[in-house]
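# Structure assessment
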Amino acid sequence: MPAALLVSLLLLQAAPPSAPQPSLVAEVSRFQLHSAFWPNLHHTLFAAAWAARPPGQGRPLSAPLPEPLAGELSTEERAAWDAAVQYYDRELASRDLLFGDGMTEINVALASAGNDLPESVLTPAHRRALIAAEPIYRKYWWTMHDRANRAWIAEAVPRVTEVAPEITRRLAELYRTPWFTSGVRVDVVRAGIAQGAYTSNEPATHITISSGNSSYSSWASVEMLYHEASHGLIDQISRRIREEAHGKDVRNLWHVVLFYSAGEVVRQALAARKIDYVPYLYATGLLDRAWPQFRGPVEREWQPYIDGQVTLETAVTRLIAAIP
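Quick summary incoming for the structure in this document. (Residues numbered from 1 in each chain as written. Predicted model: local features only at pLDDT ≥ 70, side-chain atom pairs only at ≥ 80, totals over all residues. Heavy atoms only, no water.)

### As for the pattern of salt bridges
Evaluated as defined, the whole model comprises 19 salt bridges. A salt bridge links arginine 295 to aspartate 288; its shortest N-O distance comes to 2.7 Å. Judged by its relative accessible area of 43%, aspartate 288 is partly exposed. Because the salt bridges share partners, they merge into one network encompassing Glu162, Glu166 and Arg273. (Salt bridge = Lys/Arg side-chain N within 4 Å of Asp/Glu carboxyl O. Buried < 20%, exposed > 50% of the residue type's maximum accessible area, 1.4 Å probe, protein only.)

In structure tokens:
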């Protein structure tokens, strides 16, 4: 077994029950997969705030909690937890986790936090809410969430390991950008953004993905990890699409191209291994539901680029020309 793969599998071994487990669970294909306390608490409170809202308050920015936050909390614990959820409802839950003001900075700061919360980035009120919620989350839900995150990672790592050399090479070639030379932090959280995963690129590529999203199981975990990583690599293609648009409405076309490219590269790698796989865009109906106008053009004009039959320049020109 190659040494790098052995290291990945060894990292999956649990620490003794009495010892705290490190947040870094495994490393494979430059993905550094973590199950870290503070990001999980942050996303759980965010999801709990949305769960407490009555229906009809706009498009939810959080996915539903995968499991109810059940437990026999004392009166004091319930009051402290509810106060933290109410803080999130008032101050944070209406902000998109990726694009909302200050939300990326908060997520990055919490991911790098150790036992103590950072003094910067968090407001004093936010810091107090997290500190008050910490012992309650640890007592009732963190062990369950951490176990589920580590189980998701344990399933994903061997699958990524099997196809990583081929997929990283092909995606780097398609995006005309080298694969990452340093580690890409992946925070696996139990409750997540409404879409299931998101990626920020400042100050470095940082992926947050939900182990509670049922559509990210089996080989879909591989596609979604490479999909999210692609957000740090697709700049050349997205820029070309913008430059070639010539006034056409091509908003989100770059994202459809990213979805399609990552999904098709994974599908082809698995097909070579006699494994049938339906990419996420089709398995979930997302392409027809969100971007039906792009389906035909992408299938006709982008597929030849993936298959090495045309240049990037030709593919983008033909793709834009095919958009109504």
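### Concerning the sheet that holds strand β1 (residues 24-28)
Ordered in space as β1-β2-β3-β5-β4, the five strands form an open sheet in which the pairing is mixed. For this open sheet the edge positions go to β1 and β4 (197-200), each flanked by a neighbour on one side alone. Between one strand axis and the next, the sheet turns by 20 degrees as a mean value, whatever way the strands run. Bridge count between strand β3 (residues 184-189) and strand β5 (residues 206-210): five bridges; the pairing is parallel. Within the sheet, the bridge partner assigned to valine 188 lies in β5 and is isoleucine 209. Taken strand by strand, helix α4 (residues 103-111) contacts β3, β4 and β5, and its axis lies near 85 degrees from that of β5. (Pairing = 2+ DSSP bridges. Helix = DSSP H or I, 4+ residues; strand = E, 2+ residues; numbered from the N terminus. Axes fitted to C-alpha atoms, helices over the stretch in contact; angles between N-to-C directions. Contact = heavy atoms within 4.5 Å.)

### Overview of the packing of aromatic side chains
Summed over the entire model, instances satisfying the criterion amount to 16 aromatic pairs. Where tyrosine 137 meets tryptophan 142, the ring centres are 6.0 Å apart and the plane angle is 45 degrees; that geometry is what we call tilted. No difference in accessibility class separates tyrosine 137 from tryptophan 142, as the two residues are buried. Between arginine 138 and the ring centre of phenylalanine 37, over which it is positioned, the NZ or CZ distance is 3.7 Å. Seen from the ring of tryptophan 219, arginine 159 lies directly overhead, with NZ or CZ sitting 5.0 Å from the centre. (Phe/Tyr/Trp six-rings, centres within 6.5 Å; stacked < 30°, edge-to-face > 60°. Lys NZ or Arg CZ within 6 Å of the ring centre and 35° of its normal.)

### Considerations on helix α2 (residues 37-52)
If you check α2, its first and last C-alpha atoms are 22 Å apart, about what 16 residues at 1.5 Å a residue would give, namely 22 Å. Of all 16 residues that make up α2, 14 are buried, and the element is covered over most of its length. (Expected span 1.5 Å × (residues − 1).)

### Some details on the nonpolar core
The biggest cluster of nonpolar side chains holds 65 residues, and the ones touching the most others in it are Phe31, Leu33, Ile209, Leu253 and Trp302. Excluding anything up to four places from it in sequence, leucine 253 contacts Ile241, Phe294, Val298, Leu319, Ile320 and Ile323. Judged by nonpolar contacts, the second largest core, of 35 residues, contains Tyr88, Leu92, Leu97 and Leu110. (Core = buried A, V, L, I, M, F, W, Y, C linked by side-chain atoms within 4.5 Å.)

### Things to note about the layout of surface pockets
What the largest pocket holds in volume is close to 760 Å³. Looking at the largest pocket, it is lined by 32 residues, and the ones nearest its centre are Leu98, Phe99, His231, Trp254 and His255. Residue assignment for the lining of the largest pocket shows that the elements contributing at least two residues are β4, α6 (220-230), α7 (235-244), α8 (253-271) and α10 (286-290). Here the lining of the largest pocket gets four residues from one element, more than from any other, and that element is β4. Split by residue class, the lining of the largest pocket holds 15 nonpolar, eleven polar and six charged. (1 Å grid on protein atoms, 1.4 Å probe; cavity = no way out; pocket = protein on both sides within 12 Å on 5 of 7 lines; lining within 4 Å. Points joined across faces, edges and corners; volume = space filled by probe spheres on them. Nonpolar A, V, L, I, M, F, W, Y, C, P; charged D, E, K, R; others polar.)

### As for the side chain of serine 200
Locating serine 200 in the fold gives a position in strand β4. Excluding its chain neighbours within four sequence positions, the residues that come into contact with serine 200 are Leu98, Thr104, Val108, Thr205 and His206.

### Some details on unusual backbone geometry
Following glutamate 202, the chain continues into proline 203 via a peptide bond in cis, with omega recorded as 0 degrees. Its identity is not glycine, yet serine 29 carries a phi of approximately 55 degrees, on the positive side. In this fold, serine 29 is placed in the loop between β1 and β2 (31-34). In this structure serine 29 comes out as buried when scored by relative accessible area, which is 18%. A positive phi angle is found at histidine 246, which is not glycine, with a value near 50 degrees.

### Examining helix α12 (residues 312-322)
Taken residue by residue, α12 has Leu312, Ala315, Val316, Leu319 and Ile320 as its buried positions. In an axial view of α12, the angular spread of the buried residues amounts to 125 degrees, which keeps them on one side of the axis. Those residues of α12 that are buried are in contact with α7, α8 and α11 (292-306). (Arc of directions from axis to C-beta.)

### Overview of the environment of threonine 75
Positionally, threonine 75 belongs in helix α3 (residues 75-91). Residue classification places threonine 75 among the exposed positions, given a relative accessible area of 64%.

### Topic: the packing of α11 against α12
In contact at an axis separation of 9 Å, α11 and α12 are set at 175 degrees when each is read in the N-to-C sense. Between α11 and α12, the interaxial angle falls into the category roughly antiparallel. Across the interface between the two elements, Pro297, Val298, Arg300, Glu301, Trp302 and Tyr305 from α11 touch Leu312, Ala315, Val316, Arg318, Leu319 and Ala322 from α12. When grouped by side-chain class, the residues that make up the contact of α11 with α12 number nine nonpolar, no polar and three charged. (Parallel < 35°, antiparallel > 145°, perpendicular 65-115°, else oblique.)

So yeah, pure geometry; function would need other evidence.
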